[in-house]
Amino acid sequence: MTPITTDSIWTGLKKVIDPELNINIVDLGLVYKVELFPEDKGVKPWVVITMTLTSPGCPMAAVFDRMTKDALWGTEGLDVDKDIKINLTFDPPWVSDMMSEEAKAELGL
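The rules we used
Residues numbered from 1 in each chain as written. Predicted model: local features only at pLDDT ≥ 70, side-chain atom pairs only at ≥ 80, totals over all residues. Heavy atoms only, no water. Helix = DSSP H or I, 4+ residues; strand = E, 2+ residues; numbered from the N terminus. Rg over C-alpha atoms; globule rule 2.2 N^0.38 Å. Buried < 20%, exposed > 50% of the residue type's maximum accessible area, 1.4 Å probe, protein only. Contact = heavy atoms within 4.5 Å. Areas by Shrake-Rupley, 256 points an atom, 1.4 Å probe, with all protein chains shown as cover. Lys, Arg positive; Asp, Glu negative; His and termini not counted. Charge placed at Lys NZ, Arg CZ, Asp CG, Glu CD. Pairing = 2+ DSSP bridges. Axes fitted to C-alpha atoms, helices over the stretch in contact; angles between N-to-C directions. Right-handed = clockwise from strand over helix to strand, strands pointing away. Core = buried A, V, L, I, M, F, W, Y, C linked by side-chain atoms within 4.5 Å.

Draft legend 1. How the structure looks around the overall build of the protein. The helix and strand tally for the protein stands at three helices and three strands. For the protein, the succession of helices and strands along the chain, N to C, is α-β-β-α-β-α. For a compact globule of 109 residues, the expected C-alpha radius of gyration is about 13 Å, and the protein comes in at 14 Å, within 12% of that figure. With the principal axes as the frame, the protein shows a C-alpha extent of 50 × 25 × 20 Å. In the protein, buried positions account for 41% of the 109 residues. Counted over contacts in the protein with a minimum sequence separation of 6, partners at least 24 positions apart contribute 59%. Per element, the accessible surface of the protein, about 6400 Å² overall, is 55% carbon and sulfur. Counting 10 positive and 18 negative side-chain charges, the protein places the centres of these two groups 6 Å from one another.

Here you go:
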């Protein structure tokens with residue numbers, strides 16, 4: 001099992017591939033922030049992921065939620081259905097400049 005750290009969460013999120021663009025959501029710039037709230041007085045750690053979609057009307061919203069949680073399955077001490085909260089935001093709105101250089105090159109931008 002992978003220990004729970006902010007880095008392990010980011011690494012797990014790179015497994016989530018946008019089915020239309022075939023690029024992971026981290027390189028697409030869809031993940032804005034990962035917050036890990038460590039164990040405190042017997043309360044399990046939990047994760048808050050703030051992310052966006054390429055457009056507010058993206059039909060993949062519900063799919064990304066499940067894919068994101070599934071990608072983090074196997075992280076030590078993390079119940080993906082109880083311990084992960086995904087905040088979906090459109091502020092700031094996503095623009096292609098948010099993509100990594102590798103993702104831009106892959107898409108020919």
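Draft legend 2. The sheet that holds strand β2 (residues 46-51), seen in detail. Spatially, β1-β2-β3 is the arrangement adopted by the three strands of the open sheet, whose pairing is mixed. Every other strand in the sheet has two partners, leaving β1 (31-37) and β3 (84-88) as the edge strands with one partner each. Across the sheet, the mean angle separating the axes of adjacent strands is 15 degrees when strand polarity is ignored. With five bridges connecting them, β2 and β3 associate as parallel partners. Bridged to isoleucine 49 within β3 is isoleucine 86. Contacts from helix α1 (residues 6-13) reach β1 and β2 within the one sheet, and its direction differs from that of β1 by about 140 degrees. On the sheet, helix α2 (residues 61-71) packs against β2 and β3 and is oriented at approximately 150 degrees with respect to β3.

Draft legend 3. Broad picture of the pairing of β2. Of all six residues in β2, five are buried; the element is thus mostly enclosed. Examined bridge by bridge, β1 and β2 share six bridges and lie antiparallel to one another. Looking at β2, one finds that glutamate 35 is bridged to valine 48. Taken together, β2, α2 and β3 form a β-α-β motif whose crossover is right-handed.

Draft legend 4. Quick look at the nonpolar core. The biggest cluster of nonpolar side chains holds 27 residues, and the ones touching the most others in it are Ile9, Leu13, Ile25, Val47, Ile49, Leu72 and Ile84. Of all the secondary-structure elements, those providing two or more residues to this core are α1, β1, β2, α2 and β3. If you tally residues by element for this core, the top one is β2, at three residues. Apart from residues lying up to four places away in sequence, isoleucine 25 is in contact with Leu13, Val16, Leu30, Val31, Met51, Phe64 and Thr68.

Function cannot be inferred from these measures alone, as they are strictly geometric.
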